[in-house]
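This is what each chain is made of:
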Amino acid sequence: MKLRFIEIKMKKRGEKPTFMLSVIIRLLSLAMGLGVVAALFLLQGVNPLLLYFNIFRVAFFTQYGLAETLSRMIPLLCIGIGLSVPFRAKIDNIGAEGQFLVGAIAAAGVAFSFPDLPAVLLIPLMFAAGFALGALWAIPVAIFRVMGKFKGADVVLSFLMVFPAYLLIVYLVNGPWKDPEGWGFTQSPLFPVNSQIWQLPGTRIHLTILLVLALTFLIHYYLVRTKEGIPETKLGYEINVVGENPEAGAAAGINFLKIALITMIISGGMAGLAGVGEVAGNLLRLRPEISTGLGFTGIVVAWLGGLNPLGIILSSLFFAGLLAGGVEIQMAGLPVTVIDLFNGSILFFVLLAEFFMRFKIEWRILK
Amino acid sequence: MSIVLIGSSIVTAATFFLIPTLGEILTERSGILNLGVEGMVISSAAAAFAVTYLTGNAMIGVLAGMAVGGILALIHAILSITFNRNQVVSGISLTVFGTGLSGLLGRDFVGRTIAALQPIPILGLSDIPFFGPVFFNKDILVYASFILVPVLWFILFRTRIGIVIRTVGENPAAAYTQGINVILVRYLCVILGGMLCGLGGAYMTVAWMPAWTEGMTGGRGWIVIALTVVALWHPITAFLGAYLFGMFHVLQFSFQLSGIPVAFINMLPYLSTIAFLLAWGILLNKQKVKRIIGAPSALCVPFEKG
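Residues numbered from 1 in each chain as written. Chains lettered and ligands numbered in written order. Predicted model: local features only at pLDDT ≥ 70, side-chain atom pairs only at ≥ 80, totals over all residues. Heavy atoms only, no water.

**Comments concerning the side chain of B:R85**
Part 1 of the reasoning: Tracing the chain through its elements places B:R85 in the loop between α3 (58-82) and α4 (87-105).
Part 2 of the reasoning: Buried and without a salt bridge, B:R85 has A:E354 as its closest oppositely charged side chain, separated by 5.0 Å.
Part 3 of the reasoning: At a separation of 3.0 Å, a polar atom in the side chain of B:R85 contacts the main-chain carbonyl oxygen of B:F83.
Part 4 of the reasoning: Not counting chain neighbours up to four residues away, the residues in contact with B:R85 comprise A:L351, A:E354, A:F355, A:R358, A:F359, B:L79 and B:S80. (Helix = DSSP H or I, 4+ residues; strand = E, 2+ residues; numbered from the N terminus. Buried < 20%, exposed > 50% of the residue type's maximum accessible area, 1.4 Å probe, protein only. Lys, Arg positive; Asp, Glu negative; His and termini not counted. Salt bridge = Lys/Arg side-chain N within 4 Å of Asp/Glu carboxyl O. Polar contact = N/O pair within 3.5 Å; in protein donor to acceptor, adjacent residues only side chain to side chain. Contact = heavy atoms within 4.5 Å.)

See the structure below:
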């Protein structure tokens with residue numbers, strides 16, 4: 001681009017940016033995202049610095065808040081890690097919300113059907129059912145991604161699947177699983193004692209956190225781990241190739257349908273697990289509004305973390321803190337939905353950051 | 001419910017689906033997928049309501065809604081055109097951002113009321129039995145949607161501008177070698193598309209249900225995106241599709257006394273969208289569709305000069 005006094009050029013970077021540079025660019029994008037929201041808050045007459053400070057203080061420096069942050073981190077990390085897998089293969093799963101909800105339905109179904117099973121059997125069974133139903137909810141998207149004729153239609157489909165899942169819960173808690181003592185609240189009865197996941201006493205941090213951390217490590221070990229920039233496992237390599245250059249992948253004999261199915265099953269299944277943990281470990285009831293957009297925040301978590309397990313752990317911690325400190329947002333007189341402002345504007349700048357990792361800008365002043 | 005009333009509510013609901021769909025058709029015809037419809041629609045709905053409440057003039061509110069839609073679309077344009085970023089992720093962030101923004105814009109207006117846009121009967125036509133009250137005793141935005149359909153069709157398929165837009169969407173590299181400014185064309189289409197989404201959002205709060213509640217679009221923006229694919233990026237089929245979905249939308253209310261659980265009836269619009277999307281995506285012969293009405297092949301494909 002050539003303006004009158006200045007010439008701006010975008011140049012592709014020769015080599016991949018160093019780890020430090022990519023961390024700095026990401027942190028910068030986070031700060032700019034927060035800056036935009038701060039400007040919007042200023043227009044509304046709310047002091048953003050004070051509000052940010054309060055959110056941060058409550059989320060990480062009070063005992064109650066920190067426990068709440070870690071509890072919120074469980075579903076976010078689980079969904080975010082799962083989503084990062086298809087994202088690496090350039091399969092845009094934006095329906096994690098629905099996969100999360102059907103996971104919760106599966107948990108409730110198993111819990112209410114076999115309330116007398118011992119917990120050591122019942123809880124694993126609930127997780128298995130949640131994973132299966134979440135994956136089932138994601139499989140049509142994978143098939144449609146490969147077989148469908150029109151670009152982008154699979155993305156729309158993955159999103160549209162959220163609504164039937166949500167309305168199914170509405171039906172279930174108003175019908176077969178209605179709480180007889182619910183005083184008109186649309187919710188299921190309390191989960192049977194054997195199906196409740198053990199919580200750290202006095203907090204809502206439940207044991208699912210160990211499962212999620214283990215799965216995070218497994219995904220790192222089997223899909224992401226690299227040696228000199230190349231994934232060490234065959235599957236991890238294939239996912240990367242399909243994501244970076246699908247034509248080359250097809251030429252090398254990589255079956256795209258297989259990759260799409262594997263990545264979407266992992267992603268849908270993990271969202272399902274998050275749903276199980278959330279209802280059986282945290283809320284202990286099925287309600288239509290169990291999610292409050294965790295599936296979308298998971299997308300931001302995955303991208304801010306650079307689709308990298310370690311990065312995702314940190315970014316899920318950040319967004320969990322934002323959710324836990326969200327009470328402060330309401331105290332400042334703002335509606336809860338403004339949390340979405342953070343998600344949206346941070347994602348804008350993360351996308352922009354991706355650009356600056358690949359290109360650098362050169363400019364010189366013309367005489 | 002009388003049949004005239006049912007017909008009239010179908011037209012009202014369909015108009016809400018139709019206007020943003022026309023915007024999304026324009027956007028996608030230029031090769032850019034904008035999944036931010038839901039965010040643009042709900043933000044502009046809030047903005048239109050707020051401005052109408054403050055000024056007392058619904059037309060100024062409508063303009064404000066269109067402006068908000070256009071500005072939000074501009075963000076998507078910058079990210080996906082200038083910086084060549086993933087259009088899906090950019091669109092999602094727009095939807096999420098717009099949802100948050102609507103909460104901020106509408107914060108002080110929950111529970112307030114405004115005077116809705118009044119119907120303007122069209123002399124002569126409004127006296128026709130059934131069709132008159134259903135189609136020709138509506139507010140000005142409904143008439144605008146009637147006019148927009150043929151106008152968009154004419155521009156896309158009968159003018160040089162339309163050829164340019166479609167070439168940019170189908171083969172941007174070829175358009176570029178012919179000296180077309182691909183980036184400018186895409187910018188204009190995305191922004192105009194966003195303004196139409198804004199018009200749709202404004203229609204919701206200024207004419208359809210004149211009140212503001214958080215999350216009032218309830219995911220209808222996603223139906224718009226699905227409708228764009230189902231209508232094969234064509235304004236005339238979009239018109240038919242929007243009326244079909246308007247019908248589903250209204251029928252769900254008349255089923256409510258039938259004893260079928262409400263949740264299942266509410267699923268109807270989404271399930272039918274999913275069914276159409278799957279059927280179209282798998283059954284249609286893409287080559288044939290392309291020959292007859294064209295499809296934006298370069299959708300979602302970033303364009304890099306030279």
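From this point, the narrative continues.
**Side note on the domain arrangement of chain A**
Residues and elements named next belong to chain A.
Part 1 of the reasoning: What the domain assignment reports for chain A is domain 1 (1-46 + 333-367) and domain 2 (74-326).
Part 2 of the reasoning: The C-alpha centroid of domain 2 is placed 29 Å from the C-alpha centroid of domain 1.
Part 3 of the reasoning: Counting residues at the interface gives 10 residues for domain 1, matched by 11 residues for domain 2.
Part 4 of the reasoning: Both sides of the domain 1 and domain 2 interface together cover about 1,000 Å² of buried area, and 80% of this is carbon and sulfur.
Part 5 of the reasoning: Counting the surface domain 1 buries against domain 2, the share from its top three residues, I339, N343 and L347, is 41%.
Part 6 of the reasoning: Across the contact surface, domain 1 and domain 2 share 1 residue pair in polar contact (both at pLDDT 80 or more).
Part 7 of the reasoning: Of all the secondary structure elements, the ones that give two or more residues to the side of domain 1 that touches domain 2 are α1 (19-43) and α15 (339-358).
Part 8 of the reasoning: Partitioning the side of domain 1 that touches domain 2 into residue classes produces 7 nonpolar, 1 polar and 2 charged. (Domains from an automatic or database assignment. Buried area = accessible area lost by both parts, 1.4 Å probe. Nonpolar A, V, L, I, M, F, W, Y, C, P; charged D, E, K, R; others polar.)

**Some remarks on the interface of chain A and chain B**
Part 1 of the reasoning: Each side of the interface is counted separately: chain A has 48 residues, and chain B has 50 residues.
Part 2 of the reasoning: For the pair chain A and chain B, the summed buried area comes to about 4,600 Å², and 80% of that belongs to carbon and sulfur atoms.
Part 3 of the reasoning: Along the contact surface separating chain A from chain B lie 0 salt bridges.
Part 4 of the reasoning: Summed over the shared surface of chain A and chain B, the result is 4 residue pairs in polar contact (both at pLDDT 80 or more).
Part 5 of the reasoning: With 13 residues, the single largest contributor to the side of chain A that touches chain B is α15(A).
Part 6 of the reasoning: Here the side of chain A that touches chain B is built from residues that sort into 33 nonpolar, 8 polar and 7 charged.

**Structural notes on the pattern of salt bridges**
If the charged atoms of two oppositely charged side chains come close together, the side chains can form a pair.
Residues and elements named next belong to chain A.
Part 1 of the reasoning: This structure, assessed with the given rule, holds 10 salt bridges over all chains.
Part 2 of the reasoning: With a closest N to O distance of 3.9 Å, E68 and R72 form a salt bridge. Linking E68 with R72, this pair stays in helix α3 (residues 63-88), spanning 4 residues, or about one helical turn.
Part 3 of the reasoning: The partner of K258 in a salt bridge is E238, and the shortest N-O contact between them spans 3.5 Å. Note that K258 is positioned in helix α11 (residues 256-283) and E238 in helix α9 (residues 234-244), a separation of 20 residues in sequence.
Part 4 of the reasoning: For E238, a relative accessible area of 10% translates into the label buried.
Part 5 of the reasoning: Shared partners join several salt bridges into a network, and the residues in it are E68, R72, R204 and E278.

**Quick word on the packing of helix α10 (residues 220-230) of chain B against helix α12 (residues 262-283) of chain B**
Residue and element names in this part refer to chain B.
Part 1 of the reasoning: Put simply, α10 and α12 touch, their axes get as near as 10 Å, and they point 30° apart. Taken together, α10 and α12 sit at an angle that is classed as roughly parallel. Every pair of crossing elements has a handedness; the one defined by α10 and α12 is left-handed. Here I223, A226, V229 and V230 of α10 come into contact with α12, specifically with P269, Y270, T273, F276, L277 and W280. (Axes fitted to C-alpha atoms, helices over the stretch in contact; angles between N-to-C directions. Parallel < 35°, antiparallel > 145°, perpendicular 65-115°, else oblique. Left-handed = near helix turned anticlockwise from the far one by under 90°.)

**Digging into the packing of aromatic side chains**
Residues and elements named next belong to chain A.
Part 1 of the reasoning: Taken as a whole, this structure holds 30 aromatic pairs over all chains when the rule is applied.
Part 2 of the reasoning: Ring centres of F56 and F60 lie 5.5 Å apart, and the angle between their planes is 50°; this geometry places the pair in the tilted category. Here F56 pairs with F60, and both are found in helix α2 (residues 48-61), just 4 residues apart, close to one helical turn.
Part 3 of the reasoning: With a relative accessible area of 23%, F60 lands in the partly exposed category.
Part 4 of the reasoning: A centroid spacing of 4.7 Å and a plane angle of 15° characterise the contact between F355 and F359, whose relative ring orientation is stacked. Exposure class is identical for F355 and F359. Each is buried. (Phe/Tyr/Trp six-rings, centres within 6.5 Å; stacked < 30°, edge-to-face > 60°.)

**What about the nonpolar core?**
Part 1 of the reasoning: A:F41 and B:L277 are the most contacted members of the largest nonpolar core, which has 204 residues in total.
Part 2 of the reasoning: Take this core: its biggest share by element is 14 residues, from helix α9 (residues 182-208) of chain B.
Part 3 of the reasoning: Two domains each provide a minimum of three residues to this core, namely domain 1 (1-46 + 333-367) and domain 2 (74-326) of chain A.
Part 4 of the reasoning: Among all residues touching A:F41, those that are not within four sequence positions of it are A:V46, A:P48, A:L51, A:Y52, A:L334, A:V338, A:L341, A:F342 and B:L104. (Core = buried A, V, L, I, M, F, W, Y, C linked by side-chain atoms within 4.5 Å.)

**Considering α15(A)**
Since one α-helical turn is 3.6 residues long, residues separated by three or four positions face the same way.
Part 1 of the reasoning: Taking 1.5 Å per residue, 20 residues should reach 28 Å; α15(A) reaches 30 Å between its end C-alpha atoms and fits that length.
Part 2 of the reasoning: Extensive coverage of α15(A) is indicated by the burial of 17 of its 20 residues. (Expected span 1.5 Å × (residues − 1).)

**Observations concerning the packing of helix α2 (residues 37-55) of chain B against α3(B)**
All names here are of chain B.
Part 1 of the reasoning: One can describe the packing of α2 onto α3 by two numbers: an axis separation of 7 Å at closest approach and a directional angle of 150°. It follows from the interaxial angle that α2 and α3 lie roughly antiparallel. Taken as a pair, α2 and α3 cross one another with a handedness that is right-handed. Contact residues: G39, M40, S43, S44, A47, A48, V51, T52 and T55 in α2; A58, I60, G61, A64, G65, V68, G69, L72 and A73 in α3.
Part 2 of the reasoning: For the contact of α2 with α3, the per-class residue count stands at 10 nonpolar, 8 polar and no charged.

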